[in-house]
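Given next are the chains, with one letter for each unit.
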Amino acid sequence: MPKKHFSSAREWRHGAPPSVLRRASIGGIVLAVLLAVAGLVAYVTRTESPAALKTSPAPASSSVSPSPAATAHAGVAVAAPPRTTDPIEFAKAAAKVLWTYDTRYFSQAEHLAGLKRWMTDEKKYADWESVSDEVPSPVLWSRMQDNEQHAGAMVGEGHFPQAFKTALAQDPGAITEAYVYAVTVTGKQSIAWKGSGAGAESHSTTLAVQCRPARSCAIVGVLSNVAP
């Protein structure tokens, strides 16, 4: 199946050197993250670099006006996060929304605003850029919109990476500082576009999610490498 018919997740991450370089720069940290729970906390609480400080935050949902198409469709760009304190259950739901989009009815800004609702409200831990990097750029979104591209997802399973489980067993108390968990999720994304075009891709991603006791879970960030 020729890739020219649709923009895959792999394709839209290309062509944005600053973002790719930043993701690559934290790639080495991921191993440390998975070698110790304290490493995961260090990853999500890292001091912001000057480049990160220059990143414009995504608009809040209240500042994004629904597009005419979205109003006519009477839908939502991104489903609301589930109310759960189970890290694996939440991560599976989060992966599904990260792999789901509909350019026919929603703008890129509306989609980002929907994802923003899934983020932790603790700024000390939130890595919004790693999540927004999962979304096509405004230019690419426009191209996909011209092609009426949309995608759904089926989630297979989610689990704590082995290194994370080992580190947690060695130091159970370390998790209580931020209650941030690493969860790897696998599944399949189905993509369709005008003219009866369709395609599918298998996906795997490792998310950092925060699940404090008696509070619903939230996304902290997306790790740049998938952890087994």
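As a starting point, this report considers the structure included with it. (Residues numbered from 1 in each chain as written. Predicted model: local features only at pLDDT ≥ 70, side-chain atom pairs only at ≥ 80, totals over all residues. Heavy atoms only, no water.)

1. Describing the side chain of Thr120
Following the sequence through the fold, Thr120 ends up in the loop between α8 (108–116) and α9 (128–132). Engagement of the side chain of Thr120 in a polar contact is seen with the backbone nitrogen of Glu122, the distance being 3.1 Å. When residues no more than four places from it in sequence are discounted, the contact partners of Thr120 are Tyr125, Ala126, Gln210, Ala218, Ile219 and Val220. (Helix = DSSP H or I, 4+ residues; strand = E, 2+ residues; numbered from the N terminus. Polar contact = N/O pair within 3.5 Å; in protein donor to acceptor, adjacent residues only side chain to side chain. Contact = heavy atoms within 4.5 Å.)

2. Here we look at the pairing of strand β4 (residues 197–210)
Burial analysis of β4 places 10 of its 14 residues in the buried class, the great majority of the element. Looking at chain direction, strand β3 (residues 180–193) and β4 are connected through 14 bridges and run antiparallel. Bridge pairing in β4 places Val183 opposite Leu207. The turn linking β3 back onto β4 is made up of three residues, and Gly195 within it adopts a positive phi angle of 85°. For β4 and strand β5 (residues 218–222), the ladder comprises four bridges, and the chain directions are antiparallel. By the bridge assignment for β5, Gln210 is matched with Ala218. (Buried < 20%, exposed > 50% of the residue type's maximum accessible area, 1.4 Å probe, protein only. Pairing = 2+ DSSP bridges.)

3. Here's the deal with the environment of Trp99
Tracing the backbone shows Trp99 in the loop between α7 (87–98) and β1 (101–102). A sequence separation of 88 residues divides Trp99 from Gly187, and the C-alpha atoms of the two residues are 9.2 Å apart. Non-local contacts of Trp99, meaning those with residues more than four positions away in its chain, are made with Ala151, Gly152, Ala153, Val155, Val185, Thr186, Gly187, Gln189, His203, Ser204 and Thr205.

Interpretation note: all reported values are geometric properties and have no functional meaning in isolation.
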